[in-house]
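Structure at a glance
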Amino acid sequence: MTSSRPVLAPVSPPEERMLLGLRGVLVGSLPVALLTADGPDRYTVEAVFTRRPEREEIAAILDYETRGHLALNGYSTIELAVSDRRLEIANTNLEELRDGLASVIAARLSEISAQVIADRLLANARTADAARVEHRRAAAVVALVESISFESN
């Protein structure tokens with residue numbers, strides 16, 4: 001007789017579920033005079049993350065490698081900041097984001113997120129390996145202790 005129990009797919013740890021990305025622009029944060037004669041040419045655009053960024057992701061977003069990545073792609077004046085679940089993209093405009101900056105930022109966020117996941121998985125594997133080695137060592141000590149006899153021959 002066959003079992004009617006459903007086969008469940010393994011559940012991934014939270015860090016493997018979703019790479020960090022951006023949902024879209026927070027319209028309410030845009031300058032009021034946007035697209036008028038008095039509107040600014042460059043301003044800060046706030047974009048909402050797909051999830052709360054991890055501490056390591058925030059550090060990487062703000063580091064020199066991300067600045068270099070932006071500069072290498074033609075966006076040397078752009079500055080990024082993280083505020084809770086928002087990425088603040090300073091010294092830009094909507095047209096620049098539409099015409100390529102958004103893709104450059106998205107690619108960098110994916111790269112950062114993937115690296116954080118890889119680093120965590122490696123750290124977890126190292127911890128598990130160390131625990132296995134320690135378990136074998138402790139078992140060897142117990143076996144050696146058990147082999148000792150204080151009886152006279």
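Residues numbered from 1 in each chain as written. Predicted model: local features only at pLDDT ≥ 70, side-chain atom pairs only at ≥ 80, totals over all residues. Heavy atoms only, no water.

With that settled, the discussion passes to helix 3 (residues 64–72). Inspection of helix 3 places Thr66, His69 and Leu70 among the buried residues, and these make up the whole buried set. Buried residues in helix 3, looked at end-on, bunch into an arc of 95°, giving them a common side. Facing away from the buried side of helix 3 by more than 90 degrees, the exposed set consists of Tyr64, Arg67 and Leu72. Tucked inside the fold, the buried residues of helix 3 contact helix 2 (55–61), strand 3 (79–83) and helix 4 (94–146). Residue Asp63 occupies the N-cap position of helix 3, its side-chain oxygen lying 3.0 Å from the main-chain nitrogen of Glu65. Looking one or two residues beyond helix 3, the residue adopting positive phi is Gly74, at roughly 90°. (Buried < 20%, exposed > 50% of the residue type's maximum accessible area, 1.4 Å probe, protein only. Helix = DSSP H or I, 4+ residues; strand = E, 2+ residues; numbered from the N terminus. Arc of directions from axis to C-beta. Contact = heavy atoms within 4.5 Å. Polar contact = N/O pair within 3.5 Å; in protein donor to acceptor, adjacent residues only side chain to side chain.)

We now examine the sheet that holds strand 4 (residues 86–92). Pairing is antiparallel in the open sheet, where four strands are placed in the order 1-2-4-3. Strands at the two margins of the open sheet, each flanked by one partner only, are strand 1 (22–25) and strand 3. On average, adjacent strands in this sheet sit at an angle of 30° to one another, irrespective of strand direction. On the sheet, helix 4 packs against strand 1, strand 2 (43–49), strand 3 and strand 4 and is oriented at approximately 135° with respect to strand 4. (Pairing = 2+ DSSP bridges. Axes fitted to C-alpha atoms, helices over the stretch in contact; angles between N-to-C directions.)

To continue, consider the packing of helix 3 against helix 4. Remark: helix 3 packs on helix 4, axes separated minimally by 10 Å, with the N-to-C direction vectors making an angle of 145°. In the packing of helix 3 onto helix 4, the handedness of the crossing is right-handed. Between helix 3 and helix 4, the contacting residues are Glu65, Thr66, His69 and Leu70 on the first element and Leu101, Val104, Ile105, Arg108 and Ile112 on the second. Grouping the constituent residues of the contact of helix 3 with helix 4 by class yields five nonpolar, two polar and two charged. (Left-handed = near helix turned anticlockwise from the far one by under 90°. Nonpolar A, V, L, I, M, F, W, Y, C, P; charged D, E, K, R; others polar.)

The next thing to look at is the pattern of salt bridges. A side chain of one charge can pair with a side chain of the opposite charge if their charged atoms are brought near each other. One pass over the structure, following the stated rule, counts 11 salt bridges. The partner of Glu54 in a salt bridge is Arg120, with the nearest N and O atoms 3.3 Å apart. Of this pair, Glu54 sits in the loop between strand 2 and helix 2 while Arg120 is found in helix 4, placing the two residues 66 residues apart along the sequence. Linking Glu134 and Arg137 is a salt bridge whose minimum nitrogen-to-oxygen distance equals 2.5 Å. Taken together, the positions of Glu134 and Arg137, both in helix 4 and three residues apart, correspond to about one turn of that helix. Assessed through its relative accessible area of 39%, Glu134 is described here as partly exposed. Given the relative accessible area of 44%, Arg137 is considered partly exposed. In this structure, a network of salt bridges that share partners links the residues Glu54, Arg55, Glu56 and Arg120. (Salt bridge = Lys/Arg side-chain N within 4 Å of Asp/Glu carboxyl O.)

Okay, the layout of surface pockets next. Volume-wise, the largest pocket comes out at about 180 Å³. When residues of the lining of the largest pocket are traced back to their parent elements, those giving at least two are helix 2 and helix 4. Counting residues per element, the lining of the largest pocket draws most heavily on helix 4, at seven residues. Of the residues that constitute the lining of the largest pocket, the class distribution is three nonpolar, one polar and seven charged. (1 Å grid on protein atoms, 1.4 Å probe; cavity = no way out; pocket = protein on both sides within 12 Å on 5 of 7 lines; lining within 4 Å. Points joined across faces, edges and corners; volume = space filled by probe spheres on them.)

Shape descriptors only; they carry no functional weight alone.
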